[in-house]
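Descriptive structure summary
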Amino acid sequence: MKTVLKWAGSKVRIIEVLKRHLPAGQRLVEPFAGSCAVMMNTDYPAYFIADANRDLIDMYKLIAEQPAAFIQAAEALFETGNTEAEYYRLRFAFNSKPAGDKDRAPLFLYLNRHCFNGLCRYNKKGEFNVPFGKYKKPYFPRAEILAFAEKAKLATFLCGNYSEALKAAQSGDVVYCDPPYLTETANFTAYHSDGFGHEEHGRLARSARRLAGRGVPVVISNSDTDMVRYLYKDFSINKITAPRSIGAAAGSIKSAQEVIATVAWDC
């Protein structure tokens, strides 16, 4: 099942591999929701979906509550907005609206599908600043929106730091974490204005161990680096090759080495 949004690092292409590492449970807790590819491609009885990006969660909530109205508003933007001038006009309109304004939600989808490589990036002022993507005819994900609205009946949504979602995890839950990946410089931190650097990766690893101590299974995706292997040295490390389509330059290698770290039950 494809997702409503284009998304860097989406798990759609590796979902069958990932599912082999996700144990059964009564509820899947995702502190880094992203495109919700995991929710849309698994069959847990319930979901707790969280993310620090308010625009993302607000859009998901509006789709869940008013799918027809959301489709109508968003589709109108797609019909007239595929020019560079209109893109920047609508990007300015998006940035001019206060956080929480319902009109931002269809604009967020429009920007995602029309911007360069579907990136989600904000400047220090919290303004969406990805340039125009110059696509011939951006795809409008009507079927994906309707499928999401149906699946969202099983979900609770939270806009907040990953630590808030982890605190909500309880016996019977499964936790899957897909944080902004750790790199040598940790520069990929602009997914929301607060960033996610080396210190946060360390805190996440410690939180995962505490959950493991309470008997809650934790699965974490990340890049395959020495630092990641160190952070999760007492977890089971499973190396995979993940395809990359967003952010890869023409002619470059469009795959990356990643790991899926699963909790070691004796840690």
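To be clear, the structure that these remarks concern was listed above.
The structure reproduced in this document is the subject of the present report. (Residues numbered from 1 in each chain as written. Predicted model: local features only at pLDDT ≥ 70, side-chain atom pairs only at ≥ 80, totals over all residues. Heavy atoms only, no water.)

Assigned secondary structure in the chain consists of ten helices and seven strands. In terms of overall size, the chain behaves like a compact globule, its C-alpha atoms giving a radius of gyration of 18 Å where 267 residues would be expected to give roughly 18 Å. Dimensions along the principal axes, computed over C-alpha positions, put the chain at roughly 55 × 40 × 35 Å. For the chain, buried positions account for 50% of its 267 residues. Here the chain has roughly 12,700 Å² of accessible surface; of this, 51% comes from carbon and sulfur atoms. Side-chain charges in the chain split into 35 positive and 28 negative, and the spacing between the mean points of these groups amounts to 3 Å. (Helix = DSSP H or I, 4+ residues; strand = E, 2+ residues; numbered from the N terminus. Rg over C-alpha atoms; globule rule 2.2 N^0.38 Å. Buried < 20%, exposed > 50% of the residue type's maximum accessible area, 1.4 Å probe, protein only. Areas by Shrake-Rupley, 256 points an atom, 1.4 Å probe, with all protein chains shown as cover. Lys, Arg positive; Asp, Glu negative; His and termini not counted. Charge placed at Lys NZ, Arg CZ, Asp CG, Glu CD.)

For the rest of this paragraph, the subject is the packing of helix H5 (residues 84-96) against helix H6 (residues 104-114). Relative to each other, H5 and H6 sit at 140°, their axes nearing to 10 Å. Here H6 runs oblique to H5, going by the angle between their axes. Crossing geometry of H5 relative to H6 is assigned as left-handed. Of the residues in H6, those in contact with Glu-86, Tyr-87, Leu-90, Arg-91, Ala-93, Phe-94 and Asn-95 of H5 are Arg-104, Leu-107, Phe-108, Tyr-110, Leu-111 and His-114. Its residues assigned to classes, the contact of H5 with H6 shows eight nonpolar, two polar and three charged. (Axes fitted to C-alpha atoms, helices over the stretch in contact; angles between N-to-C directions. Parallel < 35°, antiparallel > 145°, perpendicular 65-115°, else oblique. Left-handed = near helix turned anticlockwise from the far one by under 90°. Contact = heavy atoms within 4.5 Å. Nonpolar A, V, L, I, M, F, W, Y, C, P; charged D, E, K, R; others polar.)

Moving on, we get to the environment of Glu-16. Inspection of the secondary structure puts Glu-16 in helix H1 (residues 15-19). Polar contacts involving the side chain of Glu-16 include one to the side chain of Lys-19, which spans 3.4 Å. (Polar contact = N/O pair within 3.5 Å; in protein donor to acceptor, adjacent residues only side chain to side chain.)

On to the packing of helix H4 (residues 67-80) against helix H7 (residues 142-151), then. Closest axis-to-axis distance for the H4/H7 pair is 10 Å, and the angle between their directions is 155°. If you check the angle between H4 and H7, you find them roughly antiparallel. Seen from above, H4 lies across H7 with right-handed handedness. Between H4 and H7, the contacting residues are Pro-67, Phe-70, Ile-71 and Glu-75 on the first element and Arg-142, Ile-145, Leu-146 and Ala-149 on the second. In the contact of H4 with H7, the residues fall into six nonpolar, no polar and two charged.

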